[in-house]
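Structural characterization, general
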Amino acid sequence: MAQYASTHKNRCIRSATLIVLVAAALSWPVTAEAYVGPGAGFAVLGSFAVIFVTMLLAGVSLLAWPFRMLWRMIRRRTRSAPLVKRLIVVGFDGQEPRITERLMAEGKMPHFSRLAEMGGYSRLRSTFPSITPVAWSSFTTGTNPGKHNIFDFLDRDPRTYLPRLSSTEIGSVDRVLKIGKLRIPLAKPSIRNLRKSKPWWTILGEHNIWSTIIRVPITFPPDKFYGAQLGAMCIPDLLGTQGTFMLFTTRPGGESFQEGGLRFELNANGSRDTFEGTIDGPENTFFEGNPPMTVPLKLELDRSGKRGLVTVNGETADLEQGVLSDWVKLTFKAIAGMKVTGITRMMITEMDDHVSLYLSPINIEPEKPVMPISHPGYYCSYLEKKLGAYATLGLAEDTWALNEKVTDDRTFMTQTSDIDCEREEMLFTALDTLRKGALVTVFDATDRVNHMFWRYTEDGHPAAEGVDDPEYGDAIEQQYLRNDEIVGKVLKRLGDGDVLWVMSDHGCTSFRRGVNLNAWLMDNGFLFLKEGADGSEQWLQSVDWSRTRAYAVGLVGMFLNIEGRESQGIVKKGAEVEVLKAELKAGLDGLMDDEKDVVAINEAFDTDILYRGPYKGNAPDLLIGYNHGYRISWDCASGVVAGAVFEDNTKAWSGDHIVDPRLVPGVFLANHPIDKDDPAIIDLAPTALTFFGLTPPAHMEGRPIVDGKPLKGPPRET
Amino acid sequence: MFGYTKVKLETSLVDRISKFSDIAGYSSPEEFITHALEKELAQLEDAGAEEEIKKRLQGLGYMS
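Computed from a predicted model, the values in this text were never measured in an experiment. (Residues numbered from 1 in each chain as written. Chains lettered and ligands numbered in written order. Predicted model: local features only at pLDDT ≥ 70, side-chain atom pairs only at ≥ 80, totals over all residues.)

**Some words on the overall build of chain A**
Along chain A, the regular secondary structure elements total 17 helices and 35 strands. Since a compact globule built from 718 residues should have a radius of gyration of about 27 Å, the 29 Å found for chain A is in line with a globular shape. Per-residue burial for chain A yields a buried fraction of 50% across its 718 residues. (Helix = DSSP H or I, 4+ residues; strand = E, 2+ residues; numbered from the N terminus. Rg over C-alpha atoms; globule rule 2.2 N^0.38 Å. Buried ≥ 20, exposed ≤ 12 C-beta atoms within 10 Å, placed from the backbone.)

**Notes on the environment of Ile570 of chain A**
Residue and element names in this part refer to chain A. Here Ile570 lies in the loop between β28 (557-560) and α14 (575-588). A C-alpha to C-alpha distance of 36 Å links Ile570 and Pro236, two positions 334 residues apart in sequence. Beyond its immediate stretch of four places on either side in the chain, Ile570 contacts Ser546, Arg549, Asn561 and Glu563. (Contact = placed C-beta atoms within 7 Å.)

**Topic: the nonpolar core**
Among the nonpolar cores identified, the biggest contains 188 residues, and Ala550 and Ile624 of chain A are the most heavily contacted of them. Among the elements that line this core, the one with the most residues is helix α10 (residues 409-431) of chain A, at seven residues. (Core = buried A, V, L, I, M, F, W, Y, C linked by C-beta atoms within 7 Å.)

**Digging into the pairing of strand β21 (residues 355-359) of chain A**
All names here are of chain A. Of all the five residues making up β21, four are buried; the element is thus mostly covered by neighbouring parts of the structure. As paired strands, strand β20 (residues 346-351) and β21 are joined by five bridges and run antiparallel to one another. Bridge pairing in β21 places Met351 opposite Val355. Between β20 and β21, which pair antiparallel and follow one another directly, the connecting turn spans three residues. (Pairing = 2+ DSSP bridges.)

**Focus on the packing of helix α8 (residues 379-387) of chain A against α10 of chain A**
All names here are of chain A. The geometry of α8 relative to α10 is characterised by a closest axis approach of 11 Å and an angle of 105° between their N-to-C directions. Between α8 and α10, the angle falls in the class roughly perpendicular. Here Leu383, Lys386 and Leu387 of α8 lie close against α10, whose contacting residues are Glu422, Glu425, Met426 and Thr429. Here the residues of the contact of α8 with α10 sort into three nonpolar, one polar and three charged. (Axes fitted to C-alpha atoms, helices over the stretch in contact; angles between N-to-C directions. Parallel < 35°, antiparallel > 145°, perpendicular 65-115°, else oblique. Nonpolar A, V, L, I, M, F, W, Y, C, P; charged D, E, K, R; others polar.)

**Some thoughts on the confidence of the model for chain B**
For chain B, the average pLDDT comes to 84, and 80% of its residues sit at 70 or higher. Here helix α3 (residues 50-57) of chain B is the element of chain B with the lowest mean pLDDT, 70, and helix α1 (residues 11-24) of chain B is the one with the highest, 95. (pLDDT = per-residue confidence, 0-100.)

Here it is, written out as structure tokens:
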């Protein structure tokens, strides 16, 4: 993308040169030999006008030149000379240090080892909590969550106690023109990134330093700065969710998915091998009641060849059973002249007694996106033209289809690897054109593979029961080796003055047992249910708020039901809050899972002590630091109170990092010495600014991990 | 969708905001002002529709 800037600059220089040359040539006196009539006279006068204006502009430009140079010099003086030419950051979300260190020691990650020899390797302290949106927001801003306002994937609305996404707010349009059943919106819905403070690339941009930022989490809607950015987490799918797969099936209804997917009927169309269905797309806000926009789907099977033809929007895709298609475009018509386009990948999962067709979540199409997924707006289209269609969904790998056993390990790995390859192409497209400035690319595959395949890495994981010799038993190790290959390719492209960072935001550990905090709160007299309720309803709907003092919402936090803050709060601010926190800590610190005779919770952290900054009031009151093997249970995450406090986790999602952050640091490697014993992810933003000769602003809390002196040693492979 | 508009504030107020924005932990006076206004608005605005909120969370891998 840097070539946009350089190309544009070169074009301007060429245009200016051409204008001056043409103007000079035209103003040179020549003998007119042709007929000169009135029309030609006007033309000559017009030409003189053009020449006059051109010369005037050239003169003004020349006169202004000293002032422009002076302004640039003043701007430059506000920073020291940059220590680097390019800062290249390759992020592998969730890369675990214990696995990385073992594979490096075994000689299986030679490029990581080489990078460590060139500069250094260290574990990287994550944030409290150690989860992607929080940690990458601290990477982005150099601040603690109290200053960037992201404390979890989820926040809760104190008016309703309902969870909501913590990072993005998509508004609705209140002003509409009603014509019969038609609704014409008179404004666009607002889309806000709720991450606060200022990204370090915005600060670089304020000093005319270019950055390309690819898929760094919590960049939706994208930042506006001098550079280019492709957004990531939490870009929704076309339905407005965080990823809803679809299954078209002839199987009878009643077998509903727990979460994440939609089931549709696949109807036989007069033959054993021809079926029809309807894809429900996004809501059509142009009509009363917001009915879904739909597209008919037709499936024709070739049972003997184990293939099928899927026809949508007049286009036909030839599918082999059990093999994911390429991206298929889906176009939904809203009203005449208005359409919405998404992309999906399809797979026939069965064609025996029953027939089923899987559709991945419908991603926003990057060529003409219906939402702002990049900055500038055309950057996503540029990448699409260069690379073809690519995943745009925030959490693009379909973990839920695997959890629900709609897809299998092989399909998940295919999908994940393909997205990883898309990302690699984006990285090298940007790297090969960046002459000066910063480039950050985050790869998600490591985190997703950790989550879904951890069950195969340890004996007796409840999610791997009955699986003796899994085909993807070494999926995690293979992913780390692939990361090593990517680093090797980047190392080959380093030049003088280039700095390379390879990093992860947190690690990963086992998720064998789930903890239902709300069940624990109820058992211990902190939470009460409404009369007659059994606690099985989701989203804490059965909680009696008039008696409840504490509740858990989100993935890592616990809130007190505080009077004046929560709509039905009963705990008084001040001493009562402190006494309650102490009571809760006394119960939660070192909480035992008696069935397994293991500590489940190491510590409940008081966020009043952890965080500083203007947004700390939005944080949960306590942060739960789970031990290895434990995490919030699936039921608790969806607000179900009923059931046991501890339960086995049998889902494929079998590894996690929403635990005590001290247990899951990230990794950090650089081709320069690391002048700090215990580097943290929060230190990297001020370090990046230091590399470009800028003094980190006062609100940043991390401290540079370099001393600000010119770098020594070989910056690239020798 | 995006966009900014100008609002006139007393110079002395902006001076005070600028003086304290760093101390309060904001990255700029604009962020300080925005946060103050958002907090006030949150007291007045209605909560979103329950179904819409649930739908937006659907598919988040960490939840069931």
